[in-house]
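# Structural characterization, general
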Amino acid sequence: LLDATAVTLAERGLDNTTTNHIAECAGVSIGSLYQYFPDKEALVEALLERMGADISQSFRQRAEQVDINQFRLREVASVAIAFGLNLIRHDPLLREVVKNWNRVPINKLLDPLERFFLVMAQPYFLNHYQNYPVQNLEAKLYVLINSVLFTTIRYQFQENSSLRENQLIATLTDMIIALLEVPAPPDSAGN
C-alpha cells in the first residue's frame, strides 16, 4: 500500500490522489486498504516515515563512499546541501511532498533526517575537535539542520527567485561555517 501511495502521489499529486486511486494501484479492494489505514492522511504519514528512513540511508551511503573525516567542514556541508537539492529536484514523489510541506506531516520525513545528521555530525566533530571545538554542538546542529532543510525546501518552490542554486549552497555553507568554526585569531598587527 505504501508503494502504491508513493506511485500515485508522484503521478497524480497530493490533491488528485484518493484512497480509491491508491487501492487500485495496489491491486486491492478499498476495504482491504481501510483494514490497514483509516484514510489517505494515515497512508501519507506512514509513507513519509519510510521516506525519511530511505533518504537518511541515501545520505549514509553517500557519506560511506568517501571518508568524510578527510574533508573540511566547508566541503562536507556544501556537498550535503547540493545532494539534498538534487534529490528534491529529481525525485517526483519527494518533490510533491516537499511542495506540500505545510499540508502533510512533514516532521515524519524531516525528523529521521535531523537524527541522521546529528548522529553523523557528532563523530565528525569529535575527530576534528581542534578545528571545531564547538560548545553546545547539539543545539547548534539542531538550528543549522532545520534552517538548511527549511531553506532548501522553500527555495525549490519559490517562484521568480533571483538567487542561483550555487549562491544558495555557498550562503548556507557560510552560515554553517560561521556558527561552527572557531574564528581565526587576529593577526599580529591587531586586525
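What this report covers is the structure whose coordinates are included nearby.

So, how was this worked out
- Residues numbered from 1 in each chain as written.
- Predicted model: local features only at pLDDT ≥ 70, side-chain atom pairs only at ≥ 80, totals over all residues.
- Heavy atoms only, no water.
- Helix = DSSP H or I, 4+ residues; strand = E, 2+ residues; numbered from the N terminus.
- Buried < 20%, exposed > 50% of the residue type's maximum accessible area, 1.4 Å probe, protein only.
- Areas by Shrake-Rupley, 256 points an atom, 1.4 Å probe, with all protein chains shown as cover.
- Lys, Arg positive; Asp, Glu negative; His and termini not counted.
- Charge placed at Lys NZ, Arg CZ, Asp CG, Glu CD.
- Salt bridge = Lys/Arg side-chain N within 4 Å of Asp/Glu carboxyl O.
- 1 Å grid on protein atoms, 1.4 Å probe; cavity = no way out; pocket = protein on both sides within 12 Å on 5 of 7 lines; lining within 4 Å.
- Points joined across faces, edges and corners; volume = space filled by probe spheres on them.
- Nonpolar A, V, L, I, M, F, W, Y, C, P; charged D, E, K, R; others polar.
- Patch = residues over 30% accessible without salt bridge, like charges linked within 9 Å, V, L, I, M, F, W, Y side chains within 5 Å.
- Phe/Tyr/Trp six-rings, centres within 6.5 Å; stacked < 30°, edge-to-face > 60°.

## Focus on the overall build of the chain
Helices and strands together make up the secondary structure of the chain, namely nine helices and zero strands. Counted from the first residue to the last, the chain has its helices and strands arranged as α-α-α-α-α-α-α-α-α. For the chain, the spread of C-alpha atoms along the three principal axes comes to 75 × 35 × 25 Å. By residue count, 38% of the 191 residues in the chain fall in the buried class. Looking at the chain as shown, the accessible area adds up to about 11,100 Å², and 51% of this sits on carbon and sulfur atoms. With 16 positive and 22 negative side-chain charges, the chain shows a separation of 4 Å between the mean positions of the two kinds.

## Comments concerning the pattern of salt bridges
Going through the model one piece at a time under the given rule, you end up with seven salt bridges. Across the pair Asp3 and Arg50 runs a salt bridge whose closest N-O atoms are separated by 2.9 Å. Of the two residues, Asp3 sits in helix H1 (residues 2-12) while Arg50 sits in helix H4 (residues 40-65), which places them 47 residues apart along the sequence. We classify Asp3 as exposed; its relative accessible area is 51%. Since its relative accessible area comes to 30%, Arg50 is described here as partly exposed. The shortest N-O distance in the salt bridge between Lys99 and Glu96 comes to 3.4 Å. One end of the pair, Lys99, and the other, Glu96, are both in helix H6 (residues 92-99), three residues apart, so they sit about a helical turn from each other.

## Describing the layout of surface pockets
When its volume is computed, the largest pocket comes out at roughly 860 Å³. Around the largest pocket, the lining comprises 40 residues; the ones closest to its centre are Phe59, Val76, Ala80, Ile81 and Phe117. Those elements that provide at least two residues to the lining of the largest pocket are H4, helix H5 (73-90), H6, helix H7 (107-127), helix H8 (137-157) and helix H9 (165-180). Of the residues that constitute the lining of the largest pocket, the class distribution is 35 nonpolar, three polar and two charged.

## A few points about a nonpolar patch on the surface
Together, Tyr142, Val143 and Leu179 give the surface a local cluster of nonpolar side chains, amounting to about 270 Å² of exposed area. As for its placement among the helices and strands, Tyr142 is situated in helix H8.

## Quick notes on the packing of aromatic side chains
Following the criterion strictly, the structure yields two aromatic pairs and no others. Here the aromatic rings of Trp101 and Phe150 are separated by 5.4 Å at their centres, their planes lie at 85 degrees, and the arrangement is edge-to-face. Taken together, the positions of Trp101 in the loop between H6 and H7 and Phe150 in helix H8 put the pair 49 residues apart, joining distant regions of the chain. Residue classification places Trp101 among the partly exposed residues on the basis of a relative accessible area of 32%.

## Notes on empty space enclosed by the protein
The full count for this structure, using the stated rule, is one cavity of 30 Å³ or more. By volume, the largest cavity amounts to about 30 Å³. Taken together, Leu9, Leu14, Val44, Glu96, Val97, Asn100 and Val104 form the lining of the largest cavity. Of the residues belonging to the lining of the largest cavity, the class tally is five nonpolar, one polar and one charged.

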